[in-house]
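As a plain string of letters, each chain reads:
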Amino acid sequence: MAKYICTVCGHIYDPQEGDPDSGIAPGTPFVDIPEDWVCPVCGASKDDFEPE
């Protein structure tokens, strides 16, 4: 599964880790994250991420 990077702050979403603090379970591919999810570091939208 591909990692995605926030173009605003550089945070990397790693599907193997997920984002448990936001309710995203480990193993969740980026494409399966809800559209209203935001970067846990800077609050940027999902649209501000691109493949690493």
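Parameters and conventions
- Residues numbered from 1 in each chain as written.
- Predicted model: local features only at pLDDT ≥ 70, side-chain atom pairs only at ≥ 80, totals over all residues.
- Heavy atoms only, no water.
- Helix = DSSP H or I, 4+ residues; strand = E, 2+ residues; numbered from the N terminus.
- Rg over C-alpha atoms; globule rule 2.2 N^0.38 Å.
- Buried < 20%, exposed > 50% of the residue type's maximum accessible area, 1.4 Å probe, protein only.
- Contact = heavy atoms within 4.5 Å.
- Phe/Tyr/Trp six-rings, centres within 6.5 Å; stacked < 30°, edge-to-face > 60°.
- Lys NZ or Arg CZ within 6 Å of the ring centre and 35° of its normal.

- Named according to an unreviewed UniProt entry, the protein chain is Rubredoxin originating from Merismopedia glauca CCAP 1448/3.

1. Let's talk about the overall build of the protein chain
Here is step 1: Each helix and strand counted, the protein chain has zero helices and three strands in total.
Here is step 2: Taken over C-alpha atoms, the radius of gyration comes to 10 Å for the protein chain, in line with the 10 Å a tight globule of 52 residues would show.
Here is step 3: Each of the three principal axes of the protein chain carries a C-alpha extent, and together these read 25 × 20 × 15 Å.
Here is step 4: Out of the 52 residues belonging to the protein chain, those deemed buried represent 31%.
Here is step 5: For the protein chain, restricting intrachain contacts to residue pairs at least 6 apart in sequence, the fraction spanning at least 24 positions comes to 43%.

2. Details of the packing of aromatic side chains
Here is step 1: Overall, the coordinates contain six aromatic pairs when judged by the stated rule.
Here is step 2: Summarising the aromatic geometry, the rings of Tyr 13 and Phe 30 are spaced 5.8 Å apart at their centres and angled 55° between planes, so their arrangement reads as tilted. You can see Tyr 13 sitting in strand β2 (residues 12-13) and its partner Phe 30 sitting in the loop between β2 and β3 (49-51), a full 17 residues away along the chain.
Here is step 3: Within the aromatic cluster, the residues linked to one another by ring pairs are Tyr 4, Tyr 13, Phe 30, Trp 37 and Phe 49.
Here is step 4: Above the plane of the ring of Phe 30 lies Lys 46, whose end atom (NZ or CZ) is 5.1 Å from the centre.

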